[in-house]
Amino acid sequence: MLVDDHEIVRAGFRRLLDSSPDISVICEASTGEQAIDSYQQHAPDLIIMDLSMPPGTGGLEAIQRIRSLNADAKILVLTVQECEPYPSRVMDAGAMGYLTKRCAPEELIAAVQLVADGKEYIAADIQEQLAASNDTQLNSLTKRELQIFTLLASGQSASQISESMYISPKTVHAHRANILNKLGLDKTADIIHLGIRHGIVDP
């Protein structure tokens, strides 16, 4: 199963995966909620999961919920998120692999085959991060705060986040205040700059 909120991205990855004789994409999803429903309906052998999928359930939460349904679910994360704490949290949630979307097509195929065989696959640059440090500025944030941090860093307003996550603007502002306090920042612009520095959003 391919899980990504961009249809054109899914189409490209599907074409690549279907070109391999031992891989077949049987279903797709564009949100975390759809991924959970499709997993229950189709029971794919492996899930390729993006992380950033507003609105609603993100990739990390979807991984946790799918793993709660089946502790043997095989999940390979394929994302633009390259920096900690994302890799650590994803692997802790039960994913068996982590790749960034800058990977070569051959690496994606190899990772799918290894994870399908029950083996772990983590891209070399991600392995270096995990080995170097398990502590970054962002590790102090809760899962929900990290999700809101990512949306704020990408330039979304409190009202947009409120609508996409189905929470009140007051709750978004409360999370924003906690994020600023924990990270020692003063304003949303600082969140954007930190997001760029950590590779969460493009400059």
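What you see is a predicted model, and the numbers here were worked out from it, not measured in a lab. (Residues numbered from 1 in each chain as written. Predicted model: local features only at pLDDT ≥ 70, side-chain atom pairs only at ≥ 80, totals over all residues. Heavy atoms only, no water.)

J.: Outline the pairing of strand β5 (residues 97-100), supporting the account with residue identities and numerical values.
T.: The two faces of β5 match: Gly-97 and Leu-99 on one face and Tyr-98 and Thr-100 on the other face are all buried. By the bridge criterion, four bridges tie strand β4 (residues 75-79) to β5 in an arrangement that is parallel. Directly across from Thr-79, in β5, lies its bridge partner Thr-100. Handedness of the crossover joining β4 and β5 through helix α4 (residues 86-93) is recorded here as right-handed. Pairing of β5 with strand β6 (residues 121-122), which is carried by two bridges, proceeds in the parallel orientation. Paired with Gly-97 across the bridge in β6 is Tyr-121. (Buried < 20%, exposed > 50% of the residue type's maximum accessible area, 1.4 Å probe, protein only. Helix = DSSP H or I, 4+ residues; strand = E, 2+ residues; numbered from the N terminus. Pairing = 2+ DSSP bridges. Right-handed = clockwise from strand over helix to strand, strands pointing away.)

J.: Hey, could you go over the confidence of the model for the chain for me, with residue numbers and the actual values?
T.: When pLDDT drops low, the exact placement of atoms in the prediction is not to be read closely. Put simply, the chain has an average pLDDT of 88, and 92% of its residues get 70 or more. For the chain, helix α6 (residues 124-132) is the element with the lowest average pLDDT, namely 74, and strand β3 (residues 47-49) is the one with the highest, namely 97. (pLDDT = per-residue confidence, 0-100.)

J.: Can you explain the packing of helix α3 (residues 59-69) against α4? Please cite residues and give values.
T.: Two elements in contact, α3 and α4, have axes whose closest approach is 9 Å; the angle formed by their N-to-C orientations is 15°. As summarised for this structure, α3 and α4 are arranged roughly parallel, according to the angle between their axes. Both α3 and α4 take part in a crossing whose hand is right-handed. Facing α3, whose interface residues are Leu-60, Ile-63, Gln-64 and Arg-67, α4 presents Arg-89, Val-90 and Ala-93. (Axes fitted to C-alpha atoms, helices over the stretch in contact; angles between N-to-C directions. Parallel < 35°, antiparallel > 145°, perpendicular 65-115°, else oblique. Left-handed = near helix turned anticlockwise from the far one by under 90°. Contact = heavy atoms within 4.5 Å.)

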